[in-house]
Amino acid sequence: MLRFLNSFWFNFKEYIILSVLVIFSLFIISQNHSPAVQKVRAIAFGTFASVTSVVSDIFNIKSLKKENEQLRETNAKLMLQLSKLREAAIVNDELKEMLSLKDTSGFPLISASVVSKSFSRVQGTITLNVGSSDSVKVGMPVITDKGLVGIIYSVSSNYSIARTLQNVDLKITVKDERTRENGLMKWNGEKLVIINVPKTYQIKKGDRIVTSELSSLVPFPIPVGVAAENSNVETGIFNEIQVIPFVDFAKVENVFVLKTVASKEIDELELNFLKKFQ
Amino acid sequence: MKTSYLFSILLFIPVLIIQTTIVPLISIAQVIPDLILILLVYYSITEGQIYGTVLGFVYGFAFDLVTGSLLGSTMIAKTVAGFVAGYFSSENKIDIYLMFFNFGMIVFLAALVDQIIFSFFSAFDISSNIFLIFFQNAFLPAFYTALLSMIIIIFAPKKRIL
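Keep in mind the model is a prediction, meaning the values are calculated, not measured. (Residues numbered from 1 in each chain as written. Chains lettered and ligands numbered in written order. Predicted model: local features only at pLDDT ≥ 70, side-chain atom pairs only at ≥ 80, totals over all residues. Heavy atoms only, no water.)

(A) Region of interest: the overall build of chain B. Check the secondary structure of chain B and you find 7 helices and 0 strands. Secondary structure of chain B in N-to-C order comes out as α-α-α-α-α-α-α. Split into buried and exposed, the 162 residues of chain B put 59% on the buried side. Counting only contacts in chain B whose residues sit at least 6 apart along the sequence, the fraction spanning at least 24 positions is 71%. By element, 78% of the accessible surface of chain B is carried by carbon and sulfur atoms, the whole surface being about 6800 Å². (Helix = DSSP H or I, 4+ residues; strand = E, 2+ residues; numbered from the N terminus. Buried < 20%, exposed > 50% of the residue type's maximum accessible area, 1.4 Å probe, protein only. Contact = heavy atoms within 4.5 Å. Areas by Shrake-Rupley, 256 points an atom, 1.4 Å probe, with all protein chains shown as cover.)

So, in structure tokens, the structure goes:
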């Protein structure tokens, strides 16, 4: 028996090692959400990000000049918009006061830089140089001046990883700014799409898509992109609408983390409401 | 053997830093080459199939840990890629396999296997055009990686110095 095992090992050791490692990898895949794995991951990427941030800073200096010019241009445009918005804000405040509505704007922003990127076409993630010591928490939205980049997924003390919109595991409720129709947007490995859109919906090419108030991840509207192609599925009652994002994920370097997570109070309230009718 | 494992793992750290910071800057339409795979194929050819398989497992584990991708997905992909590349580890043909074009073809094959497995475990939408997804997610990155590997292999040592 021992001789047989010995000869078996000698003849097939490459395959045995491969099989053992593949089985172990599959086991690890199944353990992804366990707290122990999350903790090890937070320590590992925190340590690694502290090194990559140095390299990243060196390369960012080159692009700073170009970015500075763009920012100046954006600043001028914003200044013009601001004067218009001030007028609108005054009217808005008066109207809100008259209707006794709560102010939901004015969330603080945490400035951050991207220290490394993982751009597989299906699992886009970016590592940011802010972490729990900067009050970053899992679930906070990451934005740029153009729109939504992603959602914080894992946090260590000084660094955090965010899933970008080009990640198959991130699904966000969005709405058409013009028609106010809601839908679920996700990355299908190829493009950003709003899925299961009823054929009766009036979403047209060129419509601005923003995050919906219905979203449990982003509590108020943030620009996402523009509606592009309508897939016009022949069978069934639903369509798919392609969304071209405002943010170029390959070029994003400086971002803001929106210091808000979807309200637990709202979640609990909605859960109790559902339980009541079950 | 143990020392060579240690050196290959130490070499992995700067390559990983370059992969996550500098390599995205040379992406073409979001297609990026995989430097880690080139290193893995090099070691698989020069050190053997078992070495390549185990090293692929270690590289994949470290990559998954620090990048936030699904833990285990790169592990399994790199393990199999190292195994496949290890088929080209014949003791007396190393110089032939490390030649410009041959090395590129081996890297292309290993990268194709690596990317297909990674895409499969990354759970993309199966209702999408599967051939288009494999073309974009596997073929194009594999081709780009193979091209880059041909440039790198010109400067790489042909003996087991690394």
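(B) Structural context of the nonpolar core. Core analysis: the biggest nonpolar cluster contains 50 residues, and A:Leu128, A:Ile152, A:Leu165 and A:Val257 have the highest contact counts within it. Residues in contact with A:Val257, not counting those within four places in the same chain, are A:Pro108, A:Leu109, A:Ile110, A:Leu128, A:Val130, A:Val136, A:Met140, A:Pro141, A:Val142 and A:Ile152. (Core = buried A, V, L, I, M, F, W, Y, C linked by side-chain atoms within 4.5 Å.)

(C) Seen up close, a nonpolar patch on the surface. There is a patch of nonpolar side chains on the surface, built from A:Met1, A:Leu2, A:Phe4, A:Leu5, A:Phe8, A:Phe12, A:Tyr15 and B:Tyr87 and spanning about 930 Å² of accessible area. By relative accessible area, A:Phe4 is classed as exposed at 51%. (Patch = residues over 30% accessible without salt bridge, like charges linked within 9 Å, V, L, I, M, F, W, Y side chains within 5 Å. Salt bridge = Lys/Arg side-chain N within 4 Å of Asp/Glu carboxyl O.)

(D) Main features of the interface of chain B and chain A. Taken together, the contact between chain B and chain A spans 45 residues of the former and 43 residues of the latter. Taking both partners together, chain B and chain A bury about 4000 Å²; carbon and sulfur atoms supply 68% of that area. For the pair chain B and chain A, the number of links is 4 residue pairs in polar contact (both at pLDDT 80 or more). Elements with a minimum of two residues in the side of chain B that touches chain A: helix H1 (2–21), helix H3 (49–67), helix H4 (73–85), helix H6 (100–121) and helix H7 (130–155) of chain B. Ranked by residues supplied to the side of chain B that touches chain A, first place goes to H3(B) with 10 residues. Residues that form the side of chain B that touches chain A fall into these classes: 27 nonpolar, 16 polar and 2 charged. (Buried area = accessible area lost by both parts, 1.4 Å probe. Polar contact = N/O pair within 3.5 Å; in protein donor to acceptor, adjacent residues only side chain to side chain. Nonpolar A, V, L, I, M, F, W, Y, C, P; charged D, E, K, R; others polar.)

(E) Structural detail: the pairing of strand S7 (residues 182–187) of chain A. Residues and elements named next belong to chain A. Looking at chain direction, strand S6 (residues 171–176) and S7 are connected through 5 bridges and run antiparallel. Bridge pairing links isoleucine 172 to methionine 185 in S7. The hairpin turn running from S6 into S7, its antiparallel successor, is 5 residues long, and arginine 180 in that turn takes a positive phi close to 65°. Sheet topology note: the S7/strand S8 (residues 192–198) ladder contains 4 bridges and is antiparallel. From the neighbouring strand, lysine 186 faces S8, where its bridge partner is valine 193. (Pairing = 2+ DSSP bridges.)

(F) The arrangement of the pairing of S6(A) in detail. All names here are of chain A. Within S6, 5 of the 6 residues are buried, leaving the element largely enclosed by the surrounding structure. Here 3 bridges tie S6 to strand S9 (residues 208–211), and the two strands are oriented antiparallel to one another. Among the inter-strand pairings, aspartate 176 is bridged to a residue of S9, identified as isoleucine 209.

(G) Examining the packing of helix H2 (residues 35–47) of chain B against H7(B) more closely. Residues and elements named next belong to chain B. H7 packs onto H2 with a crossing angle of 60° between their chain directions and a minimal axis gap of 10 Å. The pairing of H2 with H7 is recorded here as oblique in orientation. The handedness of the crossing between H2 and H7 comes out as right-handed. Packed against H2, whose contacting residues are Leu35, Leu37, Ile38 and Tyr42, the element H7 presents Thr145, Leu148, Ser149, Ile152 and Ile153 at the interface. In terms of residue class, the contact of H2 with H7 is built from 7 nonpolar, 2 polar and no charged. (Axes fitted to C-alpha atoms, helices over the stretch in contact; angles between N-to-C directions. Parallel < 35°, antiparallel > 145°, perpendicular 65-115°, else oblique. Left-handed = near helix turned anticlockwise from the far one by under 90°.)

(H) Expanded view of the packing of aromatic side chains. Here the structure, examined in full by the defined rule, presents 13 aromatic pairs over all chains. Consider the rings of A:Tyr15 and B:Phe83, whose centres lie 5.5 Å apart with planes at 65°: the pair is edge-to-face. Of the two residues, A:Tyr15 sits in helix H1 (residues 2–30) while B:Phe83 sits in helix H4, which places them in two different chains. Residue A:Tyr15 is classed as partly exposed on the basis of its relative accessible area of 39%. On the basis of relative accessibility, which here comes to 7%, the residue B:Phe83 falls in the buried class. Through a chain of ring-to-ring contacts, three or more aromatic side chains come together here, namely B:Phe108, B:Phe135, B:Phe139 and B:Phe143. The residue whose ring lies beneath A:Arg163 is A:Tyr153, and the NZ or CZ to ring-centre distance is 3.9 Å. (Phe/Tyr/Trp six-rings, centres within 6.5 Å; stacked < 30°, edge-to-face > 60°. Lys NZ or Arg CZ within 6 Å of the ring centre and 35° of its normal.)

(I) How the structure looks around the environment of A:Glu177. Residue and element names in this part refer to chain A. Positionally, glutamate 177 belongs in the loop between S6 and S7. The partly exposed category is assigned to glutamate 177, whose relative accessible area is 34%. Note: C-alpha distance between glutamate 177 and aspartate 207 (30 residues apart in sequence) is 7.0 Å. Residues contacting glutamate 177, with those up to four places away along its chain left out, are Arg208 and Val210. A polar side-chain atom of glutamate 177 sits 2.9 Å from a polar atom in the side chain of arginine 208.

(J) Examining the layout of surface pockets more closely. Residue and element names in this part refer to chain A. In this model, the largest pocket occupies a volume close to 1500 Å³. Around the largest pocket, the lining is made up of 36 residues, and of these Gln70, Leu71, Thr144, Asp145 and Lys146 lie nearest the centre. Where the lining of the largest pocket is concerned, the elements lending two or more residues are helix H2 (35–99), strand S1 (109–118) and strand S12 (254–258). The residue inventory of the lining of the largest pocket, partitioned by class, reads 16 nonpolar, 11 polar and 9 charged. (1 Å grid on protein atoms, 1.4 Å probe; cavity = no way out; pocket = protein on both sides within 12 Å on 5 of 7 lines; lining within 4 Å. Points joined across faces, edges and corners; volume = space filled by probe spheres on them.)

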